Structures are given as structure tokens and as C-alpha cells.
Amino acid sequence: MSRRSLFVVSLILTVLLTPPAWHPEPVRIQLARWFGPGTYVSPPPSLPSAAFEPETFCPADLAGWRSSQTIGDVTIRASRSCEPDNPFAVAAFVRGTNNVAEGVLQQSGLTPDAVTKGEDLDGDGDPDVIHLRLEVAELNGASPDNTEPVVQFPIAPGVKPGFWVFAPKMAGMATENFESLRARPMLRLPSPVIRVEQGDRIEITLENSHYMPHTIHFHGVDHPFVDESGEGNDGVPIASEMPVMPGRDRTYNLTPRQAGTMFYHCHVQPHLHIMMGLQGMFVVEENAPDNWVQTLNVGGGQVRAPSKGVQEEYDREYDLHYFDIDTELNEIIQSSNDPRVITDEMHNRYDITDATFDLFTVNGRSFPYTFRESLVSVEPDERVRLRVLNGGSGPLALHTHGHKPTITAFDGVPVPTPARITRDVFMLSSAQRVDLTLDTTNDGLHSFGSGIWLMHDHQQKGTTTDGIGPGGNISAIVYGDYQGEDGWPLTQGMPYDLFFTEAYYKGLLPLWEAYAGDSFSPPAPASRFHLRTLAFALAVGATLGFGLLLLRGRT
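Q: Even after reading the chapter, I still don't get the state of the cysteines, so can you show me in this structure?
A: Between two cysteines, a covalent bond joining their sulfur atoms is known as a disulfide. Summed over the entire model, instances satisfying the criterion amount to one disulfide. Put simply, Cys 58 and Cys 82 are joined by a disulfide, and their sulfur atoms are 1.9 Å apart. Because the sign of the S-S torsion sets the handedness, a value of about -115° for the bond joining Cys 58 and Cys 82 places this disulfide among the left-handed ones. Residue Cys 58 is located in the loop between helix H2 (25–35) and strand S1 (69–71), and its partner Cys 82 is located in the loop between strand S2 (74–76) and helix H3 (87–95); the two are separated by 24 residues in the primary sequence. Under the relative-accessibility criterion, Cys 58 is labelled buried at 11%. In this structure Cys 82 comes out as buried when scored by relative accessible area, which is 3%.

Q: It is not clear to me how the sheet that holds strand S8 (residues 193–197) should be interpreted in this structure. Could you clarify?
A: Sheet strands pair by backbone hydrogen bonding; their relative direction is either parallel or antiparallel. Read across the open sheet, the five strands follow the order S10-S12-S13-S8-S14; overall the sheet is mixed. Taken across any chain shown, the strands that pair with only one partner, and hence form the sheet edges, are strand S10 (217–219) and strand S14 (296–297).

Q: Teacher, can you tell me more about the nonpolar core here?
A: If you look at the biggest cluster of nonpolar residues, it comprises 91 residues, and the most contacted ones within it are Phe 166, Ile 194, Ile 204, Ile 216, Phe 218, Phe 282 and Met 346. In terms of residues, this core owes the most to one element, H3, which gives seven residues. Core analysis: the second largest hydrophobic core is formed by 21 residues, Val 362, Leu 396, Ile 407 and Ile 477 among them.

Q: Mind showing me how you'd approach a nonpolar patch on the surface here?
A: Taken together, the side chains of Trp 512, Tyr 515 and Phe 520 make up a nonpolar region of the molecular surface, amounting to roughly 360 Å² of accessible area. Secondary-structure assignment places Phe 520 in the loop between helix H10 (513–516) and helix H11 (527–554). Overall, the relative accessible area of 54% leaves Phe 520 in the exposed class.

Q: Is there a simple way to think about H3 in this case?
A: Since there are 3.6 residues in each turn of an α-helix, residues three or four apart along the chain are aligned in direction. Counting buried positions along H3 gives nine out of nine residues, so the element sits mostly inside the fold. Three or more residues of H3 are buried, namely Pro 87, Phe 88, Ala 89, Val 90, Ala 91, Ala 92, Phe 93, Val 94 and Arg 95. The inward-facing, buried residues of H3 abut S1, S2, helix H4 (102–108), strand S3 (115–117), strand S7 (163–168) and S14. Capping the start of H3 is the job of one residue whose side-chain oxygen sits 2.9 Å from the backbone nitrogen of Phe 88: Asn 86. Trailing H3 by a residue or two, Gly 96 shows a phi angle of about 100°, which is positive.

Q: How do you make sense of the packing of aromatic side chains when you look at a structure like this?
A: How two aromatic rings sit relative to each other is given by the distance of their centres and the angle of their planes. The tally for this structure, following the rule as stated, stands at 20 aromatic pairs. Judged by centre distance (6.5 Å) and plane angle (80°), the ring pair of Tyr 264 and Phe 282 falls under edge-to-face. With Tyr 264 in strand S12 (residues 260–265) and Phe 282 in strand S13 (residues 279–285), the pair connects residues that are 18 residues apart, well separated along the chain. Both residues of the pair, Tyr 264 and Phe 282, belong to the buried class. Ring geometry for Trp 488 against Phe 500: centres 5.7 Å apart, planes inclined by 65°, an arrangement best described as edge-to-face. Taken as a pair, Trp 488 in the loop between strand S25 (475–479) and H10 and Phe 500 in the loop between S25 and H10 lie far apart in primary sequence, 12 residues in all. Take Trp 488: its relative accessible area is 10%, and that puts it in the buried class. When its relative accessible area of 0% is taken as the criterion, Phe 500 is described as buried. Members of the aromatic cluster, joined through ring pairs, are Phe 57, Phe 367, Tyr 369, Phe 371, Trp 488, Tyr 496, Phe 499, Phe 500, Tyr 504 and Tyr 505. The ring of Trp 292 carries the charged tip of Arg 95 above its face, separated from the ring centre by 3.7 Å. Positioned above the aromatic ring of Tyr 314, the side-chain terminus of Arg 383 is 4.9 Å from the ring centre.

About the cut-offs
- Residues numbered from 1 in each chain as written.
- Predicted model: local features only at pLDDT ≥ 70, side-chain atom pairs only at ≥ 80, totals over all residues.
- Heavy atoms only, no water.
- Disulfide = S-S within 2.5 Å.
- Helix = DSSP H or I, 4+ residues; strand = E, 2+ residues; numbered from the N terminus.
- Buried < 20%, exposed > 50% of the residue type's maximum accessible area, 1.4 Å probe, protein only.
- Pairing = 2+ DSSP bridges.
- Core = buried A, V, L, I, M, F, W, Y, C linked by side-chain atoms within 4.5 Å.
- Patch = residues over 30% accessible without salt bridge, like charges linked within 9 Å, V, L, I, M, F, W, Y side chains within 5 Å.
- Areas by Shrake-Rupley, 256 points an atom, 1.4 Å probe, with all protein chains shown as cover.
- Salt bridge = Lys/Arg side-chain N within 4 Å of Asp/Glu carboxyl O.
- Contact = heavy atoms within 4.5 Å.
- Polar contact = N/O pair within 3.5 Å; in protein donor to acceptor, adjacent residues only side chain to side chain.
- Phe/Tyr/Trp six-rings, centres within 6.5 Å; stacked < 30°, edge-to-face > 60°.
- Lys NZ or Arg CZ within 6 Å of the ring centre and 35° of its normal.

Shown next, in the form of C-alpha cells:
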């Protein structure tokens, strides 16, 4: 057979094998006249749903930390959280690690000098001389002995970006035990809330246990630029002092004259170190008689031993710290454990102006872990104080379902009563703080009644984890009659099994499998379609090949 004949045959086959959908409309009409309309071809079946094993939603409270209890002479409120704070640590934070029994100190996990409390300078029944010691810890970093990150602090199932955090000075090891890579409960994101009283004489010592230099800057907190000895006291290397080098320490001095919700953070390369997690809320409470303050609040937000001054105005108090993460930055510390390599990658190669923030947390967790420990648990007809910090890089549009709280302060400055605004979306810029009063009176304005009412950033990316939703900083205001004995909210919507799998946040399990089964699963391969496609491709290749041979023959 000649080249011309082969070319014609292959061209005819190409035309015949061309998918009908690719034909111009006049060609489709003519083919239908000649051969009749095509028969209906049913779509291939859906692929079966993938099997998965979810984590436990709400771990058992084996240590009995959730219950209301009195430790020493400190009354610690019950926590409805699945994963509550250590009540022994709460007692030590209130009385001071130097003022509690040895057994309480041991169960708190703190060192004897972590939070020391001394003289009552104004004679009103509570200590006014406070000394805190903070360390710097790394979470989810690289290890020369393990391929897995250590010390592990997952923010969601299987999601473990690297962090640096300020932490209370602790005794013992960083992990739960010798066989675990998981961080002990008090070593976590975010850095702890510091709580003091107006007029207290405060010393905060940074013991730099990390491999990089750091400082503490007290953002919005009343403090002198230099201390009594002339040493820098603002924590800013380019203006007031040299950074605290690894293995060294520095003590900062403060006597805050104004109450309010403030901020503290590292100011060494702040565009990096703040976004690595070296930031926390700093609360100055109003001075009141016999006002013992829970000096550190670690974990999911509830203040379990509120001061007398707070209890006179509010039924409950919560600290809510919002934060966003660029995994490109946070994963640098997982690529090496050599400080020289990390320094080069982070300070010379990483460019925050090109950053894409893809993880979003409240009190250090993303949904669904937020439902374990960052719920705002309430009862009807209560006044609840919410202190909110936006520690992220961009704005936060905080929306409360079913409630309209009232703004009482911005950046630690009270809003005059006539100017206070009641609304359900609060826009906070980066580093901004707002104090809200949540009134649970069921009047159709302040509250719509009992339920599980979501609370989240209304910028849509904030409710995702690396683009997969639901995730991010979704939390909820939950009434007691919608919360189980174990602390888990009694949801009435879709099942949560899917969300408690690592595969879901890797994009391997589509959302609809939780409620629609295989209905929206990808279609199974259609063998007939693939055979026709293969034949079409071969025909096209043959046509091109024979066409080239004809052209060469002519030349």
C-alpha cells in the first residue's frame, strides 16, 4: 500500500474516532442524518468511599482535671473542656510557686521560681510584688534522632507546623514521657496569657533556653524605656538593648498604671519571630482588695480562677488569641536542626512579602481540635467577658452566631458607655485587642437562646486549614444543655468522624463522604472511553507520521 493510501486510511480513522463532542455542529447534524442519533451511554459508577479510622473526639479526663476543686485555698472552677488546663498549675499561678505545698508544686510541673509572689505593698490583702520566669521552647522542630518532628504539638489532625513559644519555667522533660514525642500539656501554642494587677511591681525574666537570640517587648503595657540601672527595658534591639543570647537571661521591670488587655512578643526580627509564635496576651486587671490574680493562663482560654474583681462584674471570663501561620516559614525549622542553616533559610531566604498564610488558629488550635478546648461555655442570663487578641498578620473579622456582644475596650482603653457598640462582627487589625461583654439574655438581640453557636473569622480563608474546610479558627459559644458530660458539644448536623482524620486535611477524603456516601465520589474509569481515546491518539500519530513521509517524498 502506498504512503498516500496509508495517509488517507489513517486520516479517515482519525475522523471516525474523534469524540463526537469535538465535531463542529454542522458535522454532528450530518452524521446524525447518515447514521442516526447516538445511543445514551450511562456514566460509570462512583468509586467507593475510602475507609478511615477517626481519632477520639474527646479524650477521657483520667486525671480528673475537669471538675471543680479547691487546691490549697484556691477555688478552681469546673471546666467543660475535653482537654482542660492543669488545676494544680492554676493554683500555683494564683498563689505563686513559692507559696504552695510541695505536692501541689510537683503536680503543677513548674519550678519553684516560675511565678513567685511577695509583699502586699498597699495592704489590701493580695501580693503586689510578682516575678515571672519564661523560657523559649521549640515545637514540631527537627531532631537528629528521629524523622518525626519533636516536641509534637498538632494544631489539627496530622497538622504540625513548627513553632517557637514563650513557656512558663517547667521542671522535667518537654514531652509527656520517655516514650512519647508529644509535648506535655503546658508546653504549647499560644504563649501563655500573663495576668497581673494594676500597680503591681513586676519583674519578668526571660531565660533564653533557645538557640537564637530573643527579647520581650511589652506592647501597650506601661513600662519605662530603661530600668533603674539604665539597662534597656523595651525589648527592641534597634532602639533600647542587645538581644538576649542563647543561655543568657534578662529581667524586665514594669509597674503598670493602667488596666486593660495588652500584648507581648519578641522584637528580634519581629516579622519572623512573632509569626513563629513568640507572642501572647498581657492582661492588667483593675486594682481591687484581696484580688488574687491567676498570673498565667495556659491553654484553651477559660480563666478557671477568676479574681474577685472580675467575679463582681462577670460570671465567666475567656481569653481568645487568634493567630495565622505561613507554613513556608514555620516548616523551616523542620528541615534542619542546625541553627546556622535555619538562620540562613529564615533570615536570608524567606521573604514575608511573598507569604501566603494558610493555617488559622484560636488559642493554638484549628477546628476540630478547637471543639476540644476552645469553646466558650455559657448558661442563660450570664455576663461573660471575652478578651480577644488578633496576633495574626492580617485583619480578623470575628463573627458570633446567635449573639451580639458589646465592645467595652479597644487596645486596653475603655470605650465610654455612650459610645459602646453592640454588633456581631468585630474587625481587628493585626496586634489589636478588644474587650467584649457577651450577654446571654435571650432577648433576640444579645442572645437568640440556647444552642451551639459558631464563632469564627468571617473572612472565608480563616475557616479553612490549608484551604480545606471546615477548619481554621472555628470555635463556638455553647450552652450547658448542648454540651455532653465529657465536654463535647451535642451537635445535630453532619457527623464529625471525617474531620478527626489526618487524611481529610491532606485532601484525601472529600467532605461530602460524611453525609452523601458515594454520591459525589469520583467516577470509576470508563474502559470504553479509554480504549477509544487510545485508538484516537494512535490514529492521530499515524496520520501525522504518514503526512510527514508524504512531505519528505515531495521534497
